[in-house]
Amino acid sequence: MQNIMIKRPIIAPSLLSADFLNLGEEIENLNNSGIDWLHFDVMDGHFVPNLTFGPMILAQIRQKTKLYLDVHLMVENAAQYIEPFVKAGADALSFHIENNPHIHKNIMEVKSHNKKAGVVINPGTSICALEGILPFVDHVLFMSVNPGFGGQKFIPETLQKVCALREIIQKNGYKITMIIDGGINEATALDALRAGIDGLVIGNAFFKHPLKKYDKICTHYKSLKYEAESN
């Protein structure tokens, strides 16, 4: 694998793994942890076999935090969710390439609200599917598990696509942040950073980490940059 300069990674805990019975306390602890983004998974029970959060929950979270709120739309008819989530306080919205024939229109609508826009690809989707949309997006989210549920095992073949897209980004001078989501722990985070990933969406490995304190966990994951560079 080609040697690359590794930046301090964006740390984006996934709210899906938080303690919902103590969500207010969780948000307060995250506010003081040093994390960069809070990842907000939206599932509608159609595109993926699960149901999660809507704009009302995000709006309540926005009242309690200044964190960058990253909304990942795992839904059918994603266009109908843009305005509600923008009004609720989202900083970024991401759309799956697999079920979105009007993704360029949706990306541009998000940008018209001065929000960041991203595209998401599943493990079985080739990066060739991204070719037409790359000039317009702010970030690409790689799913390293099949979306729908937390706690799944990391799919290592995802990193081949990360490396390939990194070369395309560098060749074309795109300003695109690459994020990875699914099965991220200390070992897989290191592999992802070596492949060129800029940000880590972390679920159970963050909220259930033995260090317990979120600030220590955040510092620990950010420090992986140095271990990744040394190997």
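For the structure itself, consult the block above.
Source: prediction; values computed, not measured. Within each chain, residue numbers correspond to sequence positions counted from 1 in written order. Given that this is a predicted model, residues contribute local features only at a pLDDT of at least 70 and side-chain atom pairs are listed and counted only at 80 or more, while totals for whole chains, interfaces and linings are drawn from all residues. For the side-chain quantities, the full set of heavy atoms in the structure was used; hydrogens and water were omitted.

Within the chain, N77 stands out as a residue other than glycine whose phi angle is a positive 50 degrees. Relative to the helices and strands, N77 is located in the loop between strand 3 (68-74) and helix 3 (82-88). Summary of the burial criterion: residues with accessible area below 20% of their type's maximum are buried, those above 50% are exposed, and those between are partly exposed, where the area comes from a 1.4 Å probe applied to protein chains only. For N77, a relative accessible area of 49% corresponds to the partly exposed category. Positive phi, normally seen in glycine, also occurs at K212, with a value near 70 degrees. With respect to the helices and strands, K212 occurs in the loop between helix 7 (204-207) and helix 8 (214-229). K212 sits in the exposed class, given a relative accessible area of 64%. Strands are runs of DSSP state E lasting at least 2 residues, helices are runs of H or I lasting at least 4, and numbering of each runs from the N terminus.

Moving on: the packing of aromatic side chains. Only rings of Phe, Tyr and Trp enter the pairing, Trp through its six-membered ring, and a pair is recorded when the two centres are within 6.5 Å. The plane angle decides the type: under 30 degrees is stacked, over 60 is edge-to-face, the rest tilted. Per the stated rule, a full pass over the model turns up eight aromatic pairs. Ring centres of F206 and F207 lie 5.4 Å apart, and the angle between their planes is 70 degrees; on these two criteria the pair is classed as edge-to-face. Neither F206 nor F207 differs from the other in exposure class; each is buried. With 5.2 Å between their ring centres and 40 degrees between their planes, F206 and Y214 make a pair best called tilted. Classification of Y214 as buried rests on a relative accessible area of 9%. Linked through ring pairs, F20, F40, F53, Y81 and F85 together constitute an aromatic cluster.

What follows deals with the packing of helix 5 (residues 158-172) against helix 6 (residues 186-195). Axis definition: a line fitted to C-alpha atoms, over the contacting stretch in the case of helices. Angles run 0 to 180 degrees between N-to-C directions. Put simply, helix 5 and helix 6 touch, their axes get as near as 9 Å, and they point 25 degrees apart. On the basis of the axis angle, helix 5 is roughly parallel to helix 6. As for how helix 5 packs across helix 6, the hand of that crossing is right-handed. Counted together, L159, V162, C163 and R166 of helix 5 and D191, A192, R194 and A195 of helix 6 form the full contact between these two elements. Oblique is the label for any angle not under 35 degrees, not over 145, and not in the 65 to 115 range, which are roughly parallel, roughly antiparallel and roughly perpendicular in turn. Crossing chirality is assigned from the near helix's rotation relative to the far helix, an anticlockwise turn below a right angle marking it left-handed and a clockwise turn marking it right-handed. Throughout, a contact is declared for two residues whenever any of their heavy atoms are within 4.5 Å.

Remark: nonpolar core denotes a set of buried residues (Ala, Val, Leu, Ile, Met, Phe, Trp, Tyr, Cys) joined through side-chain atoms within 4.5 Å. Formed by 65 residues in total, the largest nonpolar core has its most connected members in F142, L200 and F206. The dominant element in this core, judged by the number of residues it contributes, is helix 8, at six residues. For F206, the residues in contact, after removing those within four places along its chain, are I11, P13, L30, I35, Y214, I217 and C218. One finds A12, V120, M143 and I179 within the second-largest nonpolar core, a separate group that totals nine residues.

This next bit is on the sheet that holds strand 3. The strand order across the open sheet formed by eight strands is 1-8-7-6-5-4-3-2, and the pairing between neighbours is parallel. Single-partner strands in this sheet number two, and they are strand 1 (10-13) and strand 2 (37-43). Shown here is a sheet whose adjacent strand axes are inclined to one another by a mean of 25 degrees, direction ignored. At least two bridges found by DSSP between two strands is the condition for calling them paired. Pairing of strand 5 (residues 116-121) with strand 6 (residues 139-143), which is carried by four bridges, proceeds in the parallel orientation. Across the sheet, V120 pairs through a bridge with L141, a residue of strand 6.

On to the pairing of strand 7 (residues 177-181). The element strand 7 is extensively covered by neighbouring structure, given that four of its five residues are classed as buried. Direction of pairing for strand 6 relative to strand 7: parallel, over a ladder of five bridges. Bridge pairing links F142 to I180 in strand 7. With three bridges connecting them, strand 7 and strand 8 (residues 199-202) associate as parallel partners. Looking across to strand 8, one finds that I179 is bridged to G199. A clockwise path from the first strand over the helix to the second, with the strands pointing away from the viewer, defines a right-handed crossover. Chirality of the crossover, the property in question, places the unit of strand 7, helix 6 and strand 8 among those that are right-handed.

Our next topic: the state of the cysteines. For the purposes of this analysis, a disulfide is any pair of cysteine sulfur atoms at a distance within 2.5 Å. Under the counting rule described, the total for this entry stands at zero disulfides. The thiol of C163 is not disulfide-bonded; the next cysteine sulfur, from C128, is found 15 Å away.

Looking at the secondary structure, you find K153 in the loop between strand 6 and helix 5. The exposure class assigned to K153 is exposed, which follows from its relative accessible area of 77%. C-alpha separation for the pair K153 and H72, spaced 81 residues apart in sequence, amounts to 20 Å. The residues contacting K153, other than those within four sequence positions of it, are S144 and V145.

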